[in-house]
2 protein chains.
Amino acid sequence: MVKVAIMGFGTVGSGVYEVLRNNRKSIMTKTGKDIDIKYILDIRDFPDHPEKDIFTKNFDDILNDPEVTIVAEVMGGLKPAYDFTKRLLSVGKSVVTSNKELVATYGDELMQIAKANEAKYLFEASVGGGIPIIRPMSQCLNANNIISVAGILNGTTNFILNQMISKGKAFDVALKEAQDNGYAEKDPTADIEGFDASRKISILGSLATGGKIDYNNVYTKGISDITLTDIEYASKIDSVIKLIGFFKRIDDNKCIVKVSPMVVSNDNLLSGVNGVYNAVMVEGDAVGKTMFYGHGAGKLATASAVCGDIVDIAENPHKHNTSYWEPECSLQILPEEETVAKFLVTIKTTDKNVSSLAAKIGIEEVIDIRPDEVGVLTKEMMKKDLLDAIGNSSFDIIKVIQVLG
Amino acid sequence: MVKVAIMGFGTVGSGVYEVLRNNRKSIMTKTGKDIDIKYILDIRDFPDHPEKDIFTKNFDDILNDPEVTIVAEVMGGLKPAYDFTKRLLSVGKSVVTSNKELVATYGDELMQIAKANEAKYLFEASVGGGIPIIRPMSQCLNANNIISVAGILNGTTNFILNQMISKGKAFDVALKEAQDNGYAEKDPTADIEGFDASRKISILGSLATGGKIDYNNVYTKGISDITLTDIEYASKIDSVIKLIGFFKRIDDNKCIVKVSPMVVSNDNLLSGVNGVYNAVMVEGDAVGKTMFYGHGAGKLATASAVCGDIVDIAENPHKHNTSYWEPECSLQILPEEETVAKFLVTIKTTDKNVSSLAAKIGIEEVIDIRPDEVGVLTKEMMKKDLLDAIGNSSFDIIKVIQVLG
């Protein structure tokens, strides 16, 4: 019998409990491993829980129990998750987690501690909820040089944008609806300002480059200033606006990593990823473009990924080498203004004739649907050059949104 | 240094050579493993190849060389691949393959031989070309009971259907174009009649159930009788026609496995999978719906999956337990006529009033776009009941196409 502990009995933790209990028999049939939950750690009381006896408030119960070999850390946040994880790995217990904050911040260190103690630190659930993405990138695609990653990594913002696009609701109204439906927190900052997505793209960028991408270095812009007008401009060029976590390898030495709203063509499968679904498009030099899609959050979906890692370790408790990432990234992250792409630019002007601008920047299309402003789809160019050209013109920029290539 | 051999220097084999050579340095940087190709086995001569010295026609060179620990079997077909693979695994060499025919036919036996000899038999490339699907299903989703699988598993037929749908070309014209572009063989039977897809869904069905699904028991219908009229009927209900490899768990004891053209709603992401791309939708009881998308064939994409398996074994040469499938499936495969779904039925009739039929079967929509026939979208029902009802009526069935639910 394999004894596991669950640390944190919130949404994900209760999902892990449910999946391990409900599918215990079928997991045993498939793998020959009987996985039992010995402890659930939480500071709260659950007096009415049918298995209230396995709850504990004392981390040492888990740390000091030699029977427990695998621990699911689904508390979230850095404190005390970082300290707990370090101590568990240090005594050779394997840890699986959904904690993107911890993986993005201390993942490199924790992987090294795991390796040194012949334990494993697995984090399939940290990006994209239930979507298999960590293992596919780190194992299935490991013969590729990863060229780019473009992901819808946050379900809250995708739900909000979706309501704006399909139902014409303004941002504030859509946000309120997301909150009422439990898709957005009372304080929605981490989601709508892109911080959640920045942790996730920093993990995927680290996998793609083999070196830690610090999210503090990831340009991060959310969706709170996206308007129905922006969405209408996008629709005029047969596109939608999505919040994209983006990584692109420029050459052997440089890359771009960012989170920002982007214009996504309806030809791109990502445009059809709606509601609270997530999807990640990964491009490798051999495989070309691949996409991974599914529930990006939620109790059972996230638990599916956590439990997948648990079952994998139960089947293979010995050391398993996988190339995740080193503490240092050999690629330099370019400033965001050096992004080369097409852009959708909104310009404040009563003079809809932008020919003076066309002399300075390549223009593909002019979209004239509002008084006093105009939308311009540029040809591919560097953002810096675009900003300079308009700065030196008589036009004022309202907004610049990158077009996903 | 890890020494590998490639058996078969066709499209996939030359791709494996290219990826291992081109990405040798980056793979070494990522994994610390220097992977070198010691032999390429092929019955043909390649006198102009820059590494002509590593070619051999003698399988024993590979079998008897203790330096060679991993062999890529990319010959295809059962003979001599089956015999070669057995002998390699029997002496403890690991084998990776793109050979769907072999995996679907003898996979269970080969996995057991591998296990008994502490070798590995990996086959990520056997389904969906470069798309990570085998490892995600067998590892990432292994805490789930897989409820259903619906895949666009054959690029040739998807290209042909795509040309019919988007350009209004007839089947014969689209097939000729596919052949001219190298997307279809001179003898296209295996693709267009669904046999290729049946091997692939039998592999995915085996993964889903944990027991071998013999493709001889998989109802298989191709696209050669699909007409532009069928496509027009589908478009009237905002759908397209795709060739779908389909698995569905009915209960703990029964399942449906089949390959057939299906009506796919434009709301379903699979509808947007165009050209030679493949995609697989997998539904688990915890994770919900996930989708995996990418190049389903082609030199480098398929090589990406083969090489991913090679790198994985190079990093982890020791035994690794993964739950693939047992020789016997505990689930009974129901006869195809017991499929419960909505159906698009075309009926030969000059009397467009189908009210006499509506008394016997639930009808959602009648599509009247041709003289002497009518399209009927049924409510959800068993196919057998549908056929019986129409058989007992005054109407003649032209075609019945399942709607993907």
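Fair warning: this is a prediction, and the values are worked out from it, not measured in the lab.

A few points about the overall build of chain A
- Looking only at helices and strands, chain A features 14 helices and 18 strands.
- For chain A, the C-alpha radius of gyration of 23 Å lies close to 22 Å, the compact-globule estimate for 405 residues.
- With the C-alpha coordinates of chain A rotated into their principal frame, the extents come out at 75 × 45 × 35 Å.
- Out of the 405 residues belonging to chain A, those deemed buried represent 60%.
- By sequence separation, contacts in chain A at least 24 residues apart represent 72% of the contacts at least 6 residues apart.
- For chain A, the centre of its 44 positive side-chain charges and the centre of its 55 negative side-chain charges are spaced 3 Å apart.

Points about the state of the cysteines
- Counted by the stated rule, this structure contains zero disulfides over all chains.
- For the unlinked cysteine A:Cys329, the closest cysteine sulfur is that of A:Cys255, found at 5.5 Å.

Details of the interface of chain A and chain B
- The partner chain B presents 48 residues to the 48 residues of chain A that form the contact.
- When the buried area of chain A at its contact with chain B is split by residue, A:Lys30, A:Cys140 and A:Leu269 rank highest and sum to 14% of it.
- Run the count over chain A and chain B and you get 20 residue pairs in polar contact (both at pLDDT 80 or more).
- Mapped onto the side of chain A that touches chain B, the elements with two or more residues apiece are helix 2 (24-31), helix 6 (134-140), strand 12 (288-295) and helix 12 (299-315) of chain A.
- A class-by-class count of the residues in the side of chain A that touches chain B yields 19 nonpolar, 21 polar and eight charged.

Focus on the sheet that holds strand 5 (residues 94-97) of chain A
Residue and element names in this part refer to chain A.
- Taken in spatial order, the six strands make up an open sheet running 3-2-1-4-5-6, and their pairing is parallel. One side of each edge strand has no neighbouring strand; the edge strands of this open sheet are strand 3 (55-56) and strand 6 (121-122).
- In terms of strand pairing, strand 1 (residues 2-7) meets strand 2 (residues 35-41) through six bridges, oriented parallel. Counterpart to Met7 in the pairing with strand 2 is Leu41.

Comments concerning the environment of B:Asp36
All names here are of chain B.
- Position of Asp36 relative to the elements: it lies in strand 2 (residues 35-41).
- Assessed through its relative accessible area of 11%, Asp36 is described here as buried.
- Between the alpha carbons of Asp36 and Asn162 there is a distance of 41 Å; along the sequence they are 126 residues apart.
- Once residues lying within four places of it in the same chain are set aside, the contact partners of Asp36 are Met1, Val2, Lys3, Val4, Arg21 and Arg24.
- A polar contact is formed between the side chain of Asp36 and the side chain of Lys3, at a distance of 3.1 Å.

Some thoughts on the environment of B:Val16
Residues and elements named next belong to chain B.
- Looking at where Val16 falls in the secondary structure, it is placed in helix 1 (residues 11-22).
- Taking the C-alpha atoms as reference points, Val16 and Val306, 290 residues apart in sequence, are found 7.0 Å from one another.
- Not counting residues up to four positions away in its chain, the partners in contact with Val16 are Ile6, Ala303, Val306, Cys307 and Ile310.

About the cut-offs
- Residues numbered from 1 in each chain as written.
- Chains lettered and ligands numbered in written order.
- Predicted model: local features only at pLDDT ≥ 70, side-chain atom pairs only at ≥ 80, totals over all residues.
- Heavy atoms only, no water.
- Helix = DSSP H or I, 4+ residues; strand = E, 2+ residues; numbered from the N terminus.
- Rg over C-alpha atoms; globule rule 2.2 N^0.38 Å.
- Buried < 20%, exposed > 50% of the residue type's maximum accessible area, 1.4 Å probe, protein only.
- Contact = heavy atoms within 4.5 Å.
- Lys, Arg positive; Asp, Glu negative; His and termini not counted.
- Charge placed at Lys NZ, Arg CZ, Asp CG, Glu CD.
- Disulfide = S-S within 2.5 Å.
- Buried area = accessible area lost by both parts, 1.4 Å probe.
- Polar contact = N/O pair within 3.5 Å; in protein donor to acceptor, adjacent residues only side chain to side chain.
- Nonpolar A, V, L, I, M, F, W, Y, C, P; charged D, E, K, R; others polar.
- Pairing = 2+ DSSP bridges.

Shape is all these values report; function is a separate question.
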